[in-house]
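# Structural overview
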Amino acid sequence: MNRPIFDEPEKIKALDRGNMLSFCVNSAKLYGEAAQLAKKIQINYPEPDNIIVAGMGGSGIGGDLLKDWARTKTDVPIEVNREYHLPKYAGKKTLVLVSSASGDTEETLSTYLDALRRKCMIYCVSSGGALLENAERLNVPYLRVPGGMPPRASLPYLFVPLLVCLEKLGLAKGAQDELTEALKLLEKVTGDNAPQKSTKDNFSKTLALNIGQKAPVVYGYGFYRSVAMRFKQQFNENSKVPSKWEVFSELNHNEIVGWERAGDLAKCFSAIFIRDADEPMEIHSRIEITKELLEQEGVDIFELQTQGNSPLARMLSTVCIGDFTSVYLALLRGVDPTPVKTINYLKETLKQNGFREKVIGELAKL
Ligand code: PA5
């Protein structure tokens, strides 16, 4: 067999023009820098009744990671808003964490406007754009994070501040300690999955090779819900491949029936099961039975065994493996992982309807 492209540094360089691989390799460093930067956060609000993270795509996933991480730690409900407006219940006692790498995303700006009008408590995390321009003028607290990188590569800068906001408000404990463990583990995971590690010793490269030309389906459970979602988003944006994600045990109540008569369609998919040495017995049984069912239908099955002790270390190290896999899959498919031509086209074309400008106009009037 020919050496896969990701074992050829010159070929990687030629294809990965946006250098997406370097963001994976530098994960630990980026999370460390984000943690340093987040020390600047000053957030002085009374305890909210609920928290809403407003963000789309690469800027929204941090909200899901936060929600899953905090699920067993905080009394305050957390929701991720991917709409143009806040849900009806949002009001003065709602904390809205606005997350946008560019600060120019129309759904996020529109939700921010809605939050201002409803007098919610607001904290923004962004590199700039219309969002920070307005936040600065209206004295809405914010953290300015580095720009110039693809939003999905900015995850450390967009996610860590959300964690820190929660901790600084006294709503969840342990984030700092868990982050310290996560950073150490990320050092190891990035080394183990680095481009210089040959395919046979490199889990992400092997997984990418195994996925091959098939569409990856990612199954998580518990706090790996958002991790599975991140995998799917990275397969879409980096590898340019259709992908889907689901979560146990919900998938046992619908998804599995979809494989029943999949026939040849089943051969188009690779299923990746996120496994954890501590998965609860009831989930363990469900995963084992589901694997058998899918295997019988001809779906390729792969397992990813997670590492780490704390939930955050487990989540972020698994995210990192997914990021690497999606980039290696892109290289195998002969595509540059960085450009997201279709998203850019859509955003450009949407400008014609004038909605974003209208929102910016409304913000200017406040
Ligand atoms: O990865 C991407 O480029 C997208 O998913 C963006 O994150 C999304 O369009 C939102 O843009 P922003 O992150 O600038 O708010």
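A short tour of the structure in this document, coming up. Bear in mind that the values here come from a model prediction, so they are computed numbers and not experimental data.

## A look at the site of the ligand
The local shell around the ligand consists of Met56, Gly57, Gly58, Ser59, Ser100, Ala101, Ser102, Thr105, Pro151, Arg152, Glu237 and Lys347. Note that an oxygen atom of the ligand is positioned 2.4 Å from one of the side-chain N or O atoms of Ser59. About the coverage of the ligand: the protein hides 93% of its 380 Å² of free accessible area. The residue makeup of the shell around the ligand, split by class, is 3 nonpolar, 6 polar and 3 charged.

## Quick word on the sheet that holds strand 6 (residues 215-221)
With respect to topology, 4 strands assemble into an open sheet ordered 7-6-8-9, the strand pairing being parallel. With one partner strand each, in any of the chains shown, strand 7 (244-248) and strand 9 (300-305) form the two edges of the open sheet. Averaged over all pairs of adjacent strands, the angle between strand axes in this sheet comes to 25°, irrespective of strand direction. Examined bridge by bridge, strand 8 (residues 269-275) and strand 9 share 6 bridges and lie parallel to one another. Note on strand 9: the bridge partner recorded for Ile274 is Leu304. On the sheet, helix 9 (residues 203-211) packs against strand 6, strand 8 and strand 9 and is oriented at approximately 165° with respect to strand 9. Helix 12 (residues 281-296) contacts strand 6, strand 7, strand 8 and strand 9 of the sheet and is inclined by roughly 165° relative to strand 8.

## A short note on the side chain of Ser326
Secondary-structure assignment places Ser326 in helix 13 (residues 311-332). Beyond its immediate chain neighbours, meaning those up to four positions away, Ser326 contacts Gln234, Phe235, Asn238 and Ser239.

## Description of the side chain of Asn50
Structurally, the position occupied by Asn50 is in strand 1 (residues 50-54). Dropping the residues within four chain positions of it, Asn50 is found in contact with Val76, Pro77, Tyr89, Lys93, Thr94 and Leu95.

Conventions and cut-offs
Residues numbered from 1 in each chain as written. Predicted model: local features only at pLDDT ≥ 70, side-chain atom pairs only at ≥ 80, totals over all residues. Heavy atoms only, no water. Near = heavy atom within 4 Å. Polar contact = N/O pair within 3.5 Å; in protein donor to acceptor, adjacent residues only side chain to side chain. Areas by Shrake-Rupley, 256 points an atom, 1.4 Å probe, with all protein chains shown as cover. Nonpolar A, V, L, I, M, F, W, Y, C, P; charged D, E, K, R; others polar. Pairing = 2+ DSSP bridges. Helix = DSSP H or I, 4+ residues; strand = E, 2+ residues; numbered from the N terminus. Axes fitted to C-alpha atoms, helices over the stretch in contact; angles between N-to-C directions. Contact = heavy atoms within 4.5 Å.

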